[in-house]
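Single-letter residue listing:
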Amino acid sequence: MTTAHWLFGDQLGPHFLAPGQEGPDRDAPVVMIEARSVFRRRRFHRAKAHLVLSAMRHRAAELGDRVRYVKAETYREGVREAVGSSPLTVHHPTSRAALGLVRAMDGVRVLPALGFLVPHDDFRAWADGHGGVRLRQETFYRWVRRSHELLMNGEEPAGGRWNHDHDNREAPPAGARTLGAPAPYRPHEDDVDEEVRHDLDRWERSGEVSFVGRDGPRRFPASRREARSALRRFVGHRLAGFGPHEDAMLADDPVLSHSLLSSSLNLGLLDPAECVGLAEDAWRRGDAPVNSVEGFVRQIAGWREYVWQLYWYFGEDYRRSNALGHHAPLPDWFLDLDADAVTARCLSTVLAQVRDTGWTHHIPRLMLLGSHALQRGWDPAAVTDWFHRCFVDGYDWVMLPNVVGMSQYADGGRMTTKPYTSGGAYVNRMSDFCGPCAYRPSVRAGAGACPFTAGYWAFLHRHRARLERNPRMSQAVRGLDRLTDLDDLLEQERRRGNGPP
Ligand code: FAD
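I will try to describe carefully the structure that is included in this document. Everything quoted here is computed from the prediction, not taken from an experiment.

1. Quick word on helix α7 (residues 191-206)
- With 16 residues, α7 extends 23 Å from end C-alpha to end C-alpha; this agrees with the ideal 22 Å at 1.5 Å per step.
- The set of residues buried in α7 consists of Val192, Asp193, Val196, Asp199, Leu200 and Trp203. Seen end-on, α7 carries its buried residues on one side only, within an arc spanning 125 degrees. For α7, the exposed residues lying more than 90 degrees away from the buried face are Asp191, Glu194 and Arg205.

Given below as structure tokens:
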């Protein structure tokens, strides 16, 4: 008898149903469960709830009679309703909580994880071989490139260099309000979206669920067909320009040349191998320069893969890391995405992007939202929860390393060699935010003091003892000794407290 197969809401691509020794039975009946408790527990961005539900229901519509789609309070109840006590298979879920659940359920056989390039065991062997303590993304990434023969010419990296970061960190073109890249793919809503909106409205009206953010027209793919169109559009029209301005920020052009593929990858609608494969093909055809293709491959085969592996490798306690002893609660203006309450133009613009779309690219996440949280000493677990709830591509596995490690340095340097934070000078160099802003990036204390410049020095002062031992930070920390107005600055920051900057 064929065993039914359970698809989680981030396992929506066809590869999750490929039969085989390590896959479900051929033509296995499919079970999908929409668990309301997931939305009740936390205040998610409404656009994210919309996207996830829309994607699940689109997949169910594709599978037709093959799927039993159950709307239940919890996963356990849903499984009971769908198959009773009959056996089930499921691919390794992406969170520790879900893995614990499926392992604890009688009759559920857990198949290997899909949706990533490197199997867990291979990573563990690699990491243990590298001491397991101070792992570095760059070393991992080169190992993936070699072992998957990705963007290689024999033993050598294509284009003669492993790393093209140097060409990919340009400031925005002077005076430009947009990069002028061809527009990204945008989906059209359909009946499924209408039904989802109707349900979300109903849940909100009844008071059982509360959301944050705006649920404008859906901006991200909800089906395999849409995700493939988005990928083709990106590789065909936007990949060539991906590299140079990867780190730039423009108020009127939030997307620049970024791919907008993270939600599709994380919903399982796209497989990373097909994304990097198409990008490499574009380079081999001469359609995109090596720095752009390498930059994109690095994001997927390097960062995304690394973050996934570290989530499992670092263990459950990692989420409670708080090496800097930060305990301040997140203020309401931040929790509510109240961009209008914020004066600092950079933070206000980016918070509005999150409020309106549930997305902003990696530099605003790291160097504005995350950096501000770090400078203010907000509790890293609460910051992680905020990112998870407010971003369309946020999942437990991707949040923990990115926020606890990369952005909040709460792991004390297991993931990065130094905290990622800066003063206003960096923001000014990499964006067009500062010109019309009420604050001046060069002013650290007194009228017009930039919250990032002041926040940077206050952060260095607070953690001086730790940071001066870090070779990548010691010079910056010594800069504190040259500040004649440090006391004024610290008093100003104390008065500013947790209010909107
Ligand atoms: P592109 O710039 O076009 O990059 C291509 C792809 O690379 C992305 O689609 C994504 O799949 C992958 N990628 C790149 N960097 C990372 C990374 N650090 N971790 C995982 N994947 C990566 N990414 C998420 O997918 N979900 C998140 O919840 C998330 N939260 C983040 C929080 C912080 C504080 C930071 C610093 C980064 C976070 N990222 C997250 C990584 C990155 O910001 C997003 O993947 C990216 O901005 C998504 O936009 P894009 O698809 O246009 O990416």
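2. Some points on the pattern of salt bridges
- In the structure shown here, the tally under the stated rule is 46 salt bridges.
- Measuring nitrogen to oxygen at the nearest pair gives 2.7 Å for the salt bridge that ties Glu274 to Arg224. Here Glu274, found in helix α10 (residues 272-284), pairs with Arg224, found in helix α8 (residues 224-238); they are 50 residues apart in sequence, far enough to count as distant.
- In this structure Arg224 comes out as partly exposed when scored by relative accessible area, which is 22%.
- Put simply, Arg464 and Asp481 hold a salt bridge, and the shortest N to O gap is 3.0 Å. Of this pair, Arg464 sits in helix α19 (residues 464-467) while Asp481 sits in the loop between α20 (474-478) and α21 (486-496); the two residues are 17 residues apart in sequence, bridging distant segments of the chain.
- Put simply, Glu138, Arg142, Arg145, Asp165, Arg169, Asp247, Glu294 and Arg298 are held in one network by salt bridges that share partners.

3. Points about the pairing of strand β2 (residues 30-35)
- Extensive coverage of β2 is indicated by the burial of six of its six residues.
- Neither face of β2 is exposed, since Val30, Met32 and Glu34 on one face and Val31, Ile33 and Ala35 on the opposite face are all buried.
- The pairing of strand β1 (residues 4-7) with β2 spans three bridges and is parallel. When the sheet's bridge partners are listed, His5 is paired in β2 with Val30.
- Of the pairings in the sheet, the one linking β2 to strand β3 (residues 67-72) comprises six bridges and is parallel in character. From the neighbouring strand, Glu34 faces β3, where its bridge partner is Lys71.

4. Quick word on the packing of aromatic side chains
- Taken as a whole, this structure holds 31 aromatic pairs when the rule is applied.
- Here the aromatic rings of Trp333 and Phe334 are separated by 5.6 Å at their centres, their planes lie at 85 degrees, and the arrangement is edge-to-face.
- Note that Arg96 overlies the ring of Tyr311, its terminal NZ or CZ placed 5.7 Å from the centroid.
- The ring centre of Tyr420 lies 5.3 Å from the NZ or CZ of Lys418, which sits over that ring.

5. Regarding the side chain of Ser257
- For Ser257, the location among the structural elements is in the loop between α8 and α9 (262-266).
- Residues contacting Ser257, with those up to four places away along its chain left out, are Leu179, Ala181, Phe234, Arg238, Gly241 and Phe242.

6. So, the environment of Pro87
- With respect to the helices and strands, Pro87 occurs in the loop between α3 (75-83) and β4 (88-91).
- Of the residues examined, Pro87 reaches a relative accessible area of 45% and is grouped as partly exposed.
- The sequence separation of Pro87 and Glu189 amounts to 102 residues, and the corresponding C-alpha distance is 36 Å.
- Aside from chain neighbours lying at most four places away, what touches Pro87 is Thr3, Ala4 and Gly107.

7. Here's the deal with the site of the ligand
- Close to the ligand lie 27 residues; His258, Ser259, Leu260, Asp393 and Met399 are nearest.
- At a separation of 3.4 Å, an oxygen atom of the ligand approaches a polar backbone atom of His362.
- With respect to the ligand, the backbone of Asp393 contributes an N or O atom lying 2.8 Å from a nitrogen atom.
- In isolation the ligand exposes 800 Å². Once the protein is present, 99% of that is buried.
- Mapped by element, the contributors of at least two residues to the shell around the ligand are α9, α11 (290-313), α14 (362-376) and α16 (396-407).
- Within the shell around the ligand, the residues separate by chemical class into 13 nonpolar, eleven polar and three charged.
- Residue assignment places the shell around the ligand across two domains, with domain 2 (120-185 + 221-313) and domain 3 (319-496) each supplying three or more.

8. Examining the side chain of Ser348
- Summarising the element assignment, Ser348 is placed in helix α13 (residues 345-357).
- Setting aside residues no more than four positions away along its own chain, Ser348 makes contact with Ala339 and Val342.

9. As for the packing of α11 against α16
- The interhelical angle for the contact between α11 and α16, taken along N-to-C directions, is 95 degrees, at an axis separation of 8 Å. By the criterion of interaxial angle, the relationship of α11 to α16 is roughly perpendicular. Counted together, Trp303, Arg304, Val307, Trp308, Leu310 and Tyr311 of α11 and Asp396, Trp397, Val398, Leu400, Pro401, Asn402 and Met406 of α16 form the full contact between these two elements.
- Per-class residue counts for the contact of α11 with α16 are ten nonpolar, one polar and two charged.

The rules behind the values
- Per chain, residue numbering runs from 1 following the sequence as it is written.
- Only residues with pLDDT of 70 or above have their local features reported here, since the model is predicted, and side-chain atom pairs are shown and tallied only from 80 upward, although totals for entire chains, interfaces and linings are computed over all residues.
- For the side-chain quantities, the full set of heavy atoms in the structure was used; hydrogens and water were omitted.
- Segments assigned H or I by DSSP are reported as helices when at least four residues long, segments assigned E as strands when at least two residues long, and all are numbered from the N terminus.
- To estimate the expected span of a helix, count its residues, drop one, and scale the result by 1.5 Å.
- Note on exposure labels: buried denotes an accessible area under 20% of the residue type's maximum, exposed denotes more than 50%, and partly exposed covers the range between, all computed with a 1.4 Å probe on protein chains only.
- Read the arc as the range of directions from the helix axis to the C-beta atoms.
- Take a side-chain nitrogen of Lys or Arg and a carboxyl oxygen of Asp or Glu: if they are within 4 Å of each other, that pair is a salt bridge.
- A pair of strands is labelled paired if DSSP reports no fewer than 2 bridges between them.
- Within 6.5 Å between ring centres, the rings of Phe, Tyr and Trp (the latter by its six-membered ring) count as paired, and their orientation is classed by plane angle as stacked under 30 degrees, edge-to-face over 60, tilted in between.
- Both a distance and an angle decide whether a charge sits over a ring: NZ of Lys or CZ of Arg must be within 6 Å of the ring centre and within 35 degrees of the ring normal.
- Throughout, a contact is declared for two residues whenever any of their heavy atoms are within 4.5 Å.
- We call a residue near a molecule or strand when any one of its heavy atoms sits within 4 Å of it.
- Pairing of N or O atoms within 3.5 Å defines a polar contact, subject to two protein rules: one partner must be a possible hydrogen donor and the other a possible acceptor, and residues neighboring in sequence count only if both atoms are side-chain atoms.
- Here the Shrake-Rupley method, with its probe set to 1.4 Å, supplies the accessible areas, and only the displayed protein chains count as covering residues.
- Under the scheme applied, nonpolar residues are Ala, Val, Leu, Ile, Met, Phe, Trp, Tyr, Cys and Pro; charged residues are Asp, Glu, Lys and Arg; polar residues are all the others, including Gly.
- How far each domain reaches was decided by an automatic or database domain assignment.
- In this analysis an axis means a line fitted to C-alpha atoms, helices contributing only their contacting stretch, and an angle means the value between N-to-C directions, from 0 to 180 degrees.
- Any angle that is under 35 degrees is reported as roughly parallel, and any over 145 degrees as roughly antiparallel; angles of 65 to 115 degrees are reported as roughly perpendicular and all others as oblique.

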